[in-house]
Structures are given as structure tokens and as C-alpha cells.
Amino acid sequence: MPSMASSLLLPFYSTCGKIHSLNAAPQGISVRRFVLNVKSSKTRESTSNANDNAMFNTNSRRDFLGLALGGVSTLLIHSFDAANGAGLPPEEKPKLCDNTCEKELENVPVVTTESGLQYKDIKVGQGPSPPVGFQVAANYVAMVPSGQIFDSSLEKGQLYIFRVGSGQVIKGLDEGLLSMKVGGKRRLYIPGSLAFPKGINSAPGRPRVAPNSPVIFDVSLEYVPGLDVDEE
């Protein structure tokens, strides 16, 4: 801006010097008007150029931002499409009864006990049944009636060991395991009265279990510590 101002002012002052040497006032006035007109013209031209430059810079910034934001949005869209396009299925949780097992289980008769517990044997074991109070090592997959899993020893990667028949687990699981044999697998249909009196809160990826609501347990009796050796 300083250089532009000096270039506009210098001709005006040099012309003023010439005006003092002139005798005719009209000529000086006409010259002054000419110089002023020239100055005004240059000012308008410079202002126009400045406005053009400002518009150019503004447009350039807008274009740059548009390209940048457009690139980001395009990247996000492509990333989202790529994830969807991969067609990855939801994480499959490990089960004790796969699809083939489910089909075979349809033809297995249901056994109902006096307490209201129902079960189907997926596989009848060949080992001993656990006495009340003995420790058992078992795997389990706990589900709500819709089939959603809310707890599983398979996901934890370790057997569940507890004293059967001593109230360490829900009543339905205690009763269902006591009549099993080592090596067996069973599906337990546990009524609400033998399930969770207080229910279980939901968690990420886990359904809520309402108080005194029915649940389903797939269980496998892996072994009874100490009892297997005695039976051999």
C-alpha cells in the first residue's frame, strides 16, 4: 500500500510545481483537474485491481477449502463404502451347539422335571454323574429365549468350576447338571422361578435379563475333579 500511494502522489506534487510557474490561472486549474482526473482514474483502477485481487484471493480460498473439504468427505465416504463393501459378518460367538446341532435338536424329545425345568440332551455322556457338593468343571453358553448370548465360559476361555448342588449357581443349572454324566452336553430350558431373581443388566453386545425371566443354558460336563480317577 505505501508504494501505491507514493506512485499516485508524486505526479501531483510535480505538477503543482509547474503550476506555480504558469501565469494563467485557468491553465493551472485545467492542469490540476487533469492531474486530479488522472489520479482519480488511477485510484479507481488500483481499487478495482485490489478488489479483483481480493475477490480472486477469496475465491481461491473458497476453492481450496471446497477441494479440501470435498476430499475429506470423499475419503470418508470411500472408507465407509469400503467397510460395507467388505461384507464382513458380525462377530460370531463360540457355541456348544452349532447349526447342525440345532437341526438335530429339533427331533430330540423334551424332558420336564417336577420343578418345571426342561432339557434336551445334545449328547449323553459316558462318565459318572456328580454327587451333590462335588466340584464340577463345565462349559456353558447362557442365552435369553431369543438366542442372544449374555454369558459364556467359551468366550472367557476357561472352564467354570463350582460345587454343584450347593447354591453357587442358579437353581436350574444346579438341577440340570446333577443328572448329567461326564462327557455329556445338554440344553436346559430354565423357567424364571429357577433362573435369576434379580435379573442381569445389559452390557455392550449383551442383552438384558429381566428378573425371574426364563433363560436357556447349553452346558457340557467336562469332568468331576477326583471322581474320574476313582471310577477308573
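Residues numbered from 1 in each chain as written. Predicted model: local features only at pLDDT ≥ 70, side-chain atom pairs only at ≥ 80, totals over all residues. Heavy atoms only, no water.

A.B. asks: Describe the overall build of the chain, and please don't skip the residues or the numbers.
C.D. replies: Summing up its helical and strand segments, the chain has six helices and seven strands in all. From first element to last, N terminus to C terminus, the chain shows the α and β order α-α-α-β-β-β-β-α-β-α-β-β-α. Counting the 232 residues in the chain, one finds 27% classified as buried. Long-range contacts, defined here as pairs at least 24 residues apart, represent 66% of the contacts in the chain between residues at least 6 apart. Carbon and sulfur atoms provide 57% of the accessible area of the chain, an area that totals close to 15200 Å². (Helix = DSSP H or I, 4+ residues; strand = E, 2+ residues; numbered from the N terminus. Buried < 20%, exposed > 50% of the residue type's maximum accessible area, 1.4 Å probe, protein only. Contact = heavy atoms within 4.5 Å. Areas by Shrake-Rupley, 256 points an atom, 1.4 Å probe, with all protein chains shown as cover.)

A.B. asks: Help me get a handle on the state of the cysteines, residues and values and all.
C.D. replies: For the structure shown, the criterion picks out one disulfide. Each sulfur of the disulfide joining Cys-97 and Cys-101 lies 1.9 Å from the other. Residues Cys-97 and Cys-101 share a disulfide whose torsion about the S-S bond is about -100°; that sign makes it left-handed. A single burial state applies to Cys-97 and to Cys-101, both of which are buried. (Disulfide = S-S within 2.5 Å.)

A.B. asks: An account of the nonpolar core is requested, with residue identities and associated values reported.
C.D. replies: In terms of nonpolar packing, the biggest core is built from 27 residues, with Ile-190 and Phe-217 touching the most fellow members. For this core, the elements supplying multiple residues, two or more each, are strand 3 (135–143), helix 5 (171–178), strand 6 (185–190) and strand 7 (215–223). With four residues, strand 7 is the single largest residue contributor to this core. When neighbours within four sequence positions are excluded, Ile-190 is seen to be in contact with Leu-117, Ile-170, Gly-172, Leu-173, Ala-195, Pro-214, Val-215 and Phe-217. (Core = buried A, V, L, I, M, F, W, Y, C linked by side-chain atoms within 4.5 Å.)

A.B. asks: Tell me about a nonpolar patch on the surface, residues and numbers included.
C.D. replies: Nonpolar side chains collect at one region of the surface, where Leu-159, Ile-161 and Tyr-223 lie side by side and expose about 240 Å² of accessible area between them. Mapped onto the secondary structure, Ile-161 falls in strand 5 (residues 160–163). By relative accessible area, which is 43% here, Ile-161 ends up partly exposed. (Patch = residues over 30% accessible without salt bridge, like charges linked within 9 Å, V, L, I, M, F, W, Y side chains within 5 Å. Salt bridge = Lys/Arg side-chain N within 4 Å of Asp/Glu carboxyl O.)

A.B. asks: Can you lay out the packing of aromatic side chains for me, pointing to particular residues and giving the numbers?
C.D. replies: Applying the stated criterion across every chain yields a total of five aromatic pairs. When the ring centre of Tyr-119 is taken as reference, the NZ or CZ atom of Arg-186 above it lies at 3.8 Å. (Phe/Tyr/Trp six-rings, centres within 6.5 Å; stacked < 30°, edge-to-face > 60°. Lys NZ or Arg CZ within 6 Å of the ring centre and 35° of its normal.)

A.B. asks: Lay out the pattern of salt bridges with the relevant residues and their values.
C.D. replies: One pass over the structure, following the stated rule, counts five salt bridges. When the shortest N-O distance is used, the salt bridge between Glu-102 and Arg-187 registers 2.8 Å. With a gap of 85 residues between them, Glu-102 in helix 3 (residues 99–105) and Arg-187 in strand 6 connect regions that are remote in the sequence. A relative accessible area of 7% places Arg-187 in the buried class. One salt-bridge network, in which partners are shared between bridges, spans Glu-102, Arg-187 and Asp-218.

A.B. asks: Run through helix 5, naming residues and quoting values.
C.D. replies: Along helix 5, the residues classified as buried are Gly-172, Leu-173, Asp-174, Gly-176 and Leu-177. Buried positions along helix 5 lie against strand 5, strand 6 and strand 7.

A.B. asks: Could you give an account of the side chain of Ser-152, with specific residues and numbers?
C.D. replies: On the secondary structure map, Ser-152 appears in strand 4 (residues 149–152). A polar side-chain atom of Ser-152 sits 3.1 Å from the main-chain amide nitrogen of Leu-154. Setting aside residues up to four positions removed in sequence, Ser-152 forms contacts with Pro-94, Tyr-140 and Val-141. (Polar contact = N/O pair within 3.5 Å; in protein donor to acceptor, adjacent residues only side chain to side chain.)

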